[in-house]
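# Analysis of the macromolecular model
The residues making up each chain are set out below.
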Amino acid sequence: QVQLVESGGGMVQAGGSLRLSCAASGNIFRINNMGWYRQVPGKQRELVAALTSGGSTNYPDSVKGRFTISRDNAKNTVYLQMNSLKPEDTAVYYCNAVVQLDRRPNMYNYWGQGTQVTVSS
């Protein structure tokens, strides 16, 4: 029904930057909230950045001031600009979208396949 495809991951040295993209496609009536999460082996997936349809953002203290989330509603795409990267930012990053499929108010949660970000010291 709905697919989220991420791109932009890779390897970078500490202090560097990366920009992640996530494009949503499929049976989409409207996208509500979009966000980015990350996960390292043995730990729970954690929120990195969230963006509501109204434009409100939310970041944990660990990335505040370094990461910026944005979206292009016309392209159903969300971005994550990551600056001043640290080795502890190394993780698999997942895109998330809360999607309304038709005029009914039901919302559905979708995830991308994940993209690896590795920051070397």
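All values derive from a computational prediction rather than experimental measurement. (Residues numbered from 1 in each chain as written. Predicted model: local features only at pLDDT ≥ 70, side-chain atom pairs only at ≥ 80, totals over all residues. Heavy atoms only, no water.)

## Thoughts on the nonpolar core
Selection rule: What makes a nonpolar core is a set of buried Ala, Val, Leu, Ile, Met, Phe, Trp, Tyr and Cys residues whose side-chain atoms join them at distances within 4.5 Å. Three exposure classes are used, based on accessible area relative to the maximum for each residue type with a 1.4 Å probe and protein chains only: buried under 20%, partly exposed in between, and exposed over 50%. In this text, helices come from DSSP runs of H or I with a minimum length of four residues, and strands from runs of E with a minimum of two, each type numbered from the N-terminal end. Residue contacts are counted whenever heavy atoms from the two residues lie within 4.5 Å of one another.
Of all hydrophobic cores here, the largest spans 30 residues; its most connected members are Trp36, Leu80, Met82 and Tyr93. For this core, the secondary-structure elements that each account for two or more residues are strand 1 (2–7), strand 3 (18–26), strand 4 (30–39), strand 5 (46–51), strand 7 (67–72), strand 8 (77–82), strand 9 (91–100) and strand 11 (115–120). Looking at this core element by element, the count peaks at five residues for strand 9. Those residues in contact with Met82 that lie beyond four places of it in its chain are Gly16, Ser17, Leu18, Leu20, Arg66, Phe67, Tyr93 and Val117.

## With respect to the state of the cysteines
Each disulfide is one covalent bond, formed between the sulfur atoms of two cysteines. The following threshold applies: Two cysteine sulfur atoms make up a disulfide if the distance between them is within 2.5 Å.
By the definition in use, this model includes one disulfide. Across a sulfur-sulfur distance of 2.1 Å, Cys22 and Cys95 are joined as a disulfide pair. What sets the handedness of the Cys22 and Cys95 disulfide is the S-S torsion sign, and at about -80° it is left-handed. In this pair, Cys22 sits in strand 3 while Cys95 sits in strand 9, placing the two residues 73 residues apart along the sequence.

## Remarks on the environment of Arg30
With respect to the element layout, Arg30 can be found in strand 4. Remark: the alpha-carbon pair of Arg30 and Phe67, spanning 37 residues in sequence, is separated by 25 Å. Contacts of Arg30, omitting those with residues within four sequence positions, involve Ser53, Val98, Val99, Gln100 and Met107.

## Some points on unusual backbone geometry
One non-glycine residue with positive phi stands out, namely Asn76, at about 50°. Even without being glycine, Ser84 reaches a positive phi, approximately 50°. As for its placement among the helices and strands, Ser84 is situated in the loop between strand 8 and strand 9. Residue classification places Ser84 among the partly exposed residues on the basis of a relative accessible area of 40%.

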